[in-house]
Amino acid sequence: MSIRARVVVGVYPGQADGVVLQAAVFAARFDAELVCAWVDPGRHPRSDHADVPAPGNGAGIDPYLTARLTRILGGQDIEWSTRQLSGDPARALGQLAETLRAVMIVVGTRDGTVRGSLQEFFAGSIAMHLAHRQHRPVVVVPLSPVSFDDDVPWESE
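What you see is a predicted model, and the numbers here were worked out from it, not measured in a lab. (Residues numbered from 1 in each chain as written. Predicted model: local features only at pLDDT ≥ 70, side-chain atom pairs only at ≥ 80, totals over all residues. Heavy atoms only, no water.)

**Things to note about empty space enclosed by the protein**
Picture a little ball the size of a water molecule; that probe, rolled over the atoms, points out where space is still empty.
And then number 1: Within the structure shown, the criterion is met by 1 cavity of 30 Å³ or more.
And then number 2: Considering only enclosed or pocket space, the largest cavity measures out at about 30 Å³ in volume.
And then number 3: Along its surface, the largest cavity is lined by Tyr12, Gln15, Ala16, Asp17, Val20, Leu65, Arg68, Leu69 and Ile72.
And then number 4: In terms of residue count, the dominant contributor to the lining of the largest cavity is helix α2 (residues 63–73) (4 residues).
And then number 5: Residues belonging to the lining of the largest cavity are distributed by class as follows: 6 nonpolar, 1 polar and 2 charged. (1 Å grid on protein atoms, 1.4 Å probe; cavity = no way out; pocket = protein on both sides within 12 Å on 5 of 7 lines; lining within 4 Å. Points joined across faces, edges and corners; volume = space filled by probe spheres on them. Helix = DSSP H or I, 4+ residues; strand = E, 2+ residues; numbered from the N terminus. Nonpolar A, V, L, I, M, F, W, Y, C, P; charged D, E, K, R; others polar.)

Here is the structure:
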């Protein structure tokens with residue numbers, strides 16, 4: 001009996017559709033289930049209560065996020081599910097990917113505002129933490145890339 005491949009994608013309310021759509025492309029190419037994982041950093045994980053899969057309708061996660069995922073993925077020919085996790089986003093996504101033996105983790109960059117870029121630079125991105133703390137490929141979907149001719153926000157005066 002073979003275990004179905006899985007692609008884990010980090011999702012959150014207000015995220016650009018492109019991250020989930022790109023993750024769906026990878027899931028289709030790998031004939032994998034797409035696991036959409038939302039991490040609540042304000043909730044701390046408990047060792048006696050493992051995060052569990054939400055049913056196909058996404059019960060347990062933000063209903064607006066579930067509705068949005070349903071809208072985005074409704075036309076895709078892939079199997080998908082949701083998970084609600086807690087704690088540090090990079091750690092939670094990495095642990096989920098390990099548990100599921102995912103083939104990759106897909107995340108997006110933060111918003112392209114100066115504030116978002118500075119936050120990501122100083123606090124470190126989820127993608128950077130994942131890339132240094134686990135062995136699966138991490139695919140980063142750029143949301144607001146700047147050209148090589150433009151300054152990145154932390155280099156501007």
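**Focus on the packing of helix α3 (residues 89–100) against helix α5 (residues 126–133)**
And then number 1: In the contact formed by α3 and α5, the axes pass within 9 Å of each other and the chain directions differ by 50 degrees. Taken together, the axes of α3 and α5 lie oblique to each other. Seen from above, α3 lies across α5 with right-handed handedness. Taken together, the residues of α5 that come into contact with α3 (itself represented by Pro89, Ala90, Leu93 and Gly94) are Ile126, His129 and Leu130.
And then number 2: Broken down by class, the residue content of the contact of α3 with α5 amounts to 5 nonpolar, 2 polar and no charged. (Axes fitted to C-alpha atoms, helices over the stretch in contact; angles between N-to-C directions. Parallel < 35°, antiparallel > 145°, perpendicular 65-115°, else oblique. Left-handed = near helix turned anticlockwise from the far one by under 90°. Contact = heavy atoms within 4.5 Å.)

**Let's talk about the packing of helix α1 (residues 17–29) against α2**
And then number 1: Running from N to C, α1 and α2 cross one another at 50 degrees; their axes reach a closest spacing of 10 Å. Here α2 runs oblique to α1, going by the angle between their axes. Crossing handedness for the pair α1 and α2: right-handed. Across the interface between the two elements, Asp17, Val20, Leu21 and Ala24 from α1 touch Arg68, Leu69, Arg71, Ile72 and Leu73 from α2.
And then number 2: Tallied by class, the residues present in the contact of α1 with α2 amount to 6 nonpolar, no polar and 3 charged.

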